[in-house]
Every structure is written in structure tokens, then in C-alpha cells.
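Descriptive structure summary
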Amino acid sequence: MGWEEKQVRGYPEFVQTAQRYHGRPIFALFCGDKDAEGKSWCPDCVTAEPVVRKELHNMPEESVFIYCLVGDRAYWKDPNNEFRKNLKLTAVPTLLKYGTDPNGYSSVLTVEVIWIRQTLNKL
């Protein structure tokens, strides 16, 4: 495997991890927190995660995949949460290629695009 995965929870851990791997291709999947049984409160995240994971082998060499839990539903719904304010995320799940422009983020791929690709692959 020419890439590595890091799992983080919350905005500060995400930023710290992204900074640690600055200069390498960074892809991040943002999903809702999981309960004691490992299931996210976000049904779209439950659907999207295995689809994204199935494609990780296509990442460029030396890439870093950050799986980031954004918090509980109440925190995510707060329009002033750090993910919404700083990364301009509008939905979970969101797949993001991070650090490719001066603002630190680009290439947002939301669940709708993932579902389209999954559907096309079935045809």
C-alpha cells in the first residue's frame, strides 16, 4: 500500500494531522460520529464510507487518507461549528482533497457524486 490512513475526531485533530503531512496529497472523508456499536448517526455516511474505502487503492503514492469524525448531530447542525466555518463544509459525508490551494482546501466531493459513481459502476 503506497498510502496511509489516519483517523481523527474533531477539527483540532484534523488540522494537526493535516499539518503533519503537509506537502503530501491529503484526502479527507468527514463523517458523523459513531455510537458504541460503530454506527454513525448519519445514514448517508453509513452508505458512503464503504464506497469511498473501496476506491482508496486508487489514491496517488504517498497519499494520506484522513478519516475525520465531525462530532455528534447537534454539533454538526450548528452553523458555527469549526468544520462549517473554516472548511466551508455543508454536508456529511464529504470527501475533500485538502491543501491544494492557498486557502487550504479544494475539490469537495459530496455524497451525491459518490452515489452517482456507485450507480454508474453497477450499469
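Residues numbered from 1 in each chain as written. Predicted model: local features only at pLDDT ≥ 70, side-chain atom pairs only at ≥ 80, totals over all residues. Heavy atoms only, no water.

1. Some remarks on the overall build of the chain
Summing up its helical and strand segments, the chain has 5 helices and 5 strands in all. Secondary structure elements in the chain, listed N-terminal to C-terminal, are β-α-β-α-β-α-α-β-β-α. Among the 123 residues that make up the chain, the fraction classed as buried is 41%. By element, 52% of the accessible surface of the chain is carried by carbon and sulfur atoms, the whole surface being about 7200 Å². (Helix = DSSP H or I, 4+ residues; strand = E, 2+ residues; numbered from the N terminus. Buried < 20%, exposed > 50% of the residue type's maximum accessible area, 1.4 Å probe, protein only. Areas by Shrake-Rupley, 256 points an atom, 1.4 Å probe, with all protein chains shown as cover.)

2. Some details on the packing of aromatic side chains
For any pair of aromatic rings, the description consists of the separation of the ring centres together with the inter-plane angle of the planes. For the structure on display, the rule yields 4 aromatic pairs. Residues Phe30 and Phe83 carry aromatic rings whose centres are separated by 5.7 Å and whose planes lie at 70° to one another, so their mutual orientation is edge-to-face. Of this pair, Phe30 sits in strand β2 (residues 26-31) while Phe83 sits in helix α4 (residues 82-87), placing them 53 residues apart in sequence. Following the ring pairs from residue to residue traces out a cluster consisting of Tyr11, Phe14, Phe30, Phe83 and Tyr98. Cation over ring: Arg53 sits above Tyr67, and NZ or CZ is 5.1 Å from the ring centre. Positioned over the ring face of Trp76 is Arg84, at 4.2 Å from the centre of the ring. (Phe/Tyr/Trp six-rings, centres within 6.5 Å; stacked < 30°, edge-to-face > 60°. Lys NZ or Arg CZ within 6 Å of the ring centre and 35° of its normal.)

Bear in mind that shape data such as this cannot, by itself, settle questions of function.
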